[in-house]
Amino acid sequence: MKILSAASEIYPLVKTGGLADVTGALPAALAEQGVEVTSLVPGYPAVMAALEKTAPFHAYADLFGGPAQLVRGRAHGMDIIAIDAPHLFDRPGNPYLGKDGKDWPDNAQRFAALGKAAADVAGGINPRFRADVLHCHDWQAALGPVFTRFLGGPKSVATVHNIAFQGQFPASVFAMLDLPQQAFAIDGVEYYGNVGYLKGGLATADAITTVSPTYAQEICTPEYGMGLDGLLRARRQVLRGIVNGIDTDLWDPERDPRIPARFGAKSLKQRTANKRALEARFKLEPGDGLLHGVVSRLTWQKGMDIFAASLDALVATGARLALLGAGETAIENAIFEASMRHPGRIGVIIGYDEDVSHLVQAGADTILVPSRFEPCGLTQLYGLRYGCVPLVARTGGLNDTVIDANDAALQSQVATGFQFSPVDEATLEHALSRAAECHADPKLWRGLQKRGMEQDVSWGRSAAAYAQLYRTLAKA
Ligand code: ADP
Ligand code: GLC
């Protein structure tokens, strides 16, 4: 079984969020299911630099505005086909945004190229490779199923990692796609008179998945569907939620080279050394009291505006905070100001740092994820694995992966963290107080940590679910 996975990010070559973690970890997990994955990615500078053992795969005289080559190679154990199209992808930094922080003006061309190349490669444009199923992730790759549906190709899967990002462009973009006119319609890319890349993918894919069962239900409602709920309700029979796993080799507290002290469920005491290192890194007063952690994009989705407004209350519970994140300026500023009001109690690093993200999970007592919506969320899964107790909003994948420490769950010893709902200051502050109370009882807290560490957060079960889905599609 051969799969072509198309996505705009793949860890460790290019990452802005959880999408990269998923596309980077799934190939190895699927290999164990007998599924061979080749990953198609835009040839950003970091991708081209990482490719080894390269061989030309296909040449385009013109791919949306210039000549391009598809180059096949290996990187970090993965089989990669890169779209070497300098006019579209030879730009440093963030894959979507220019230096001014705005979307590149030619993103319609850039990600049309990804969708087109996906359909071409999967369909056997080079006879040495043909995919049994094309798997496209998020709006950037979502034209893949549109091209295979209207121009021919294998069965396709479209996966929604975040329905808030849809790739909508003016109707004039349609001509450039070179699709038959009937593709500009309700069961194609037409979306309220415009061109919608994700909309097109969801209308044409043979199967739709999203990254948790709860989010699969949520996106069928107007509250979460962001305009696509009607289409998703109509296609409910082909939509399912498959919860993300994590790369348990990369995120392994017993072997993680990025943390000062390695530990397991039976050696939780070793975490103290990580806590000390975390305090030093974030310029916090040292101490054994409750230390909350955050690793997050600082955005409205993540509830970080509400969180910023609750920081005085967090400190009032006696706790401290180590926060690593970057995002919206207003939120960054509000958090930074709180750290000035509470030196030694609130430590903030504004920026993106893989190493520090591991240290937070290994040294903090909790990982806070107060998202307004969360398709899956990976940081709470890293937290579970690292004995860093998740305190999360009850939504999407957070709902599916954390068991709230209510009285019944504590009594039956199944609790793994804290959930709260709705996402507002009062409810969040109440959850912070509950966590502080539980943390004051070391035995109870250790129970939460250990049970979290016992959860199966690997890709095993979910990779099997994808493999099963591919097999069903390939047979149909
Ligand atoms: P999303 O993809 O919506 O941002 P996820 O929880 O699925 O949320 O994935 C976020 C990923 O990005 C995790 O691997 C997390 O550790 C990482 N991450 C987020 N912010 C930072 C940061 N400032 N520094 C390092 N890693 C970060
Ligand atoms: C998106 C979602 C996040 C999910 C990730 C990987 O970035 O916001 O919840 O974990 O994709 O699927």
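Rules used throughout
- Residues numbered from 1 in each chain as written.
- Chains lettered and ligands numbered in written order.
- Predicted model: local features only at pLDDT ≥ 70, side-chain atom pairs only at ≥ 80, totals over all residues.
- Heavy atoms only, no water.
- Helix = DSSP H or I, 4+ residues; strand = E, 2+ residues; numbered from the N terminus.
- Rg over C-alpha atoms; globule rule 2.2 N^0.38 Å.
- Buried < 20%, exposed > 50% of the residue type's maximum accessible area, 1.4 Å probe, protein only.
- Contact = heavy atoms within 4.5 Å.
- Areas by Shrake-Rupley, 256 points an atom, 1.4 Å probe, with all protein chains shown as cover.
- Lys, Arg positive; Asp, Glu negative; His and termini not counted.
- Charge placed at Lys NZ, Arg CZ, Asp CG, Glu CD.
- Near = heavy atom within 4 Å.
- Polar contact = N/O pair within 3.5 Å; in protein donor to acceptor, adjacent residues only side chain to side chain.
- Nonpolar A, V, L, I, M, F, W, Y, C, P; charged D, E, K, R; others polar.
- Domains from an automatic or database assignment.
- Patch = residues over 30% accessible without salt bridge, like charges linked within 9 Å, V, L, I, M, F, W, Y side chains within 5 Å.
- Salt bridge = Lys/Arg side-chain N within 4 Å of Asp/Glu carboxyl O.
- Disulfide = S-S within 2.5 Å.
- Core = buried A, V, L, I, M, F, W, Y, C linked by side-chain atoms within 4.5 Å.

A. The overall build of the chain, seen in detail. Along the backbone of the chain there are 22 helices and 18 strands. For 476 residues, the compact-globule estimate of 2.2 N^0.38 gives 23 Å, and the chain sits close to it at 23 Å. Taken along the three principal axes of its C-alpha coordinates, the chain extends 65 × 45 × 45 Å. In the chain, buried positions account for 58% of the 476 residues. In the chain, the share of contacts with a sequence separation of at least 24, taken over all contacts with a separation of at least 6, comes to 69%. Approximately 18,700 Å² of the chain is accessible, and the part contributed by carbon and sulfur atoms is 52%. For the chain, the centre of its 45 positive side-chain charges and the centre of its 50 negative side-chain charges are spaced 5 Å apart.

B. The arrangement of the site of ligand 2 in detail. Contacts to ligand 2 come from 14 residues, most closely from His161, Asn244, Glu374, Cys376 and Gly377. Interatomic distance of 2.6 Å between a side-chain N/O atom of His161 and an oxygen atom of ligand 2. Here Gly377 contributes a backbone N or O atom positioned 2.8 Å from an oxygen atom of ligand 2. Protein chains shield 92% of the accessible area of ligand 2, which is 310 Å² for the free molecule. Here the shell around ligand 2 takes three residues from helix H1 (residues 18–31), the largest share from any one element. Classifying every residue of the shell around ligand 2 gives six nonpolar, six polar and two charged.

C. Layout of the site of ligand 1. The immediate surroundings of ligand 1 are formed by 19 residues, with Lys15, Gly18, Asp21, Arg297 and Gly351 found nearest. A distance of 2.6 Å is found between an oxygen atom of ligand 1 and a backbone nitrogen or oxygen belonging to Gly18. A distance of 2.8 Å is found between an oxygen atom of ligand 1 and a side-chain nitrogen or oxygen belonging to Arg297. Its free accessible area being 570 Å², ligand 1 has 92% of it covered by the protein chains. Put simply, the parts of the chain that give the shell around ligand 1 at least two residues each are H1, strand E13 (291–298), strand E14 (320–327) and helix H17 (379–385). No other element matches the three residues that E13 contributes to the shell around ligand 1. Class assignment for the residues of the shell around ligand 1 results in five nonpolar, eight polar and six charged. Both domains that meet at the shell around ligand 1, namely domain 1 (2–245 + 460–475) and domain 2 (268–454), each give it at least three residues.

D. Quick peek at a positive patch on the surface. A cluster of basic side chains, namely Lys266, Lys269, Lys443, Arg446 and Lys450, defines a positive patch on the protein surface. Looking at where Lys269 falls in the secondary structure, it is placed in the loop between strand E12 (239–241) and helix H12 (271–281). For Lys269, a relative accessible area of 75% gives the class exposed.

E. Layout of the state of the cysteines. Applying the stated criterion across every chain yields a total of zero disulfides. Between Cys376, a free cysteine, and Cys388, which holds the nearest cysteine sulfur, the sulfur-to-sulfur gap is 17 Å. Taking relative accessible area as the criterion, Cys376 reaches 2% and is therefore assigned buried. The thiol sulfur of Cys438 is not disulfide-bonded, and the nearest other cysteine sulfur, from Cys388, lies at 15 Å. Take Cys438: its relative accessible area is 11%, and that puts it in the buried class.

F. Expanded view of the nonpolar core. Core analysis: the biggest nonpolar cluster contains 75 residues, and Leu4, Leu40, Ile83, Leu177, Tyr197, Leu202 and Leu232 have the highest contact counts within it. Sorting elements by how many residues they give to this core places helix H4 (residues 107–123) first, with ten residues. With sequence-adjacent residues up to four places away left out, Leu177 is seen in contact with Phe64, Ala112, Leu143, Phe147, Val195 and Tyr197.

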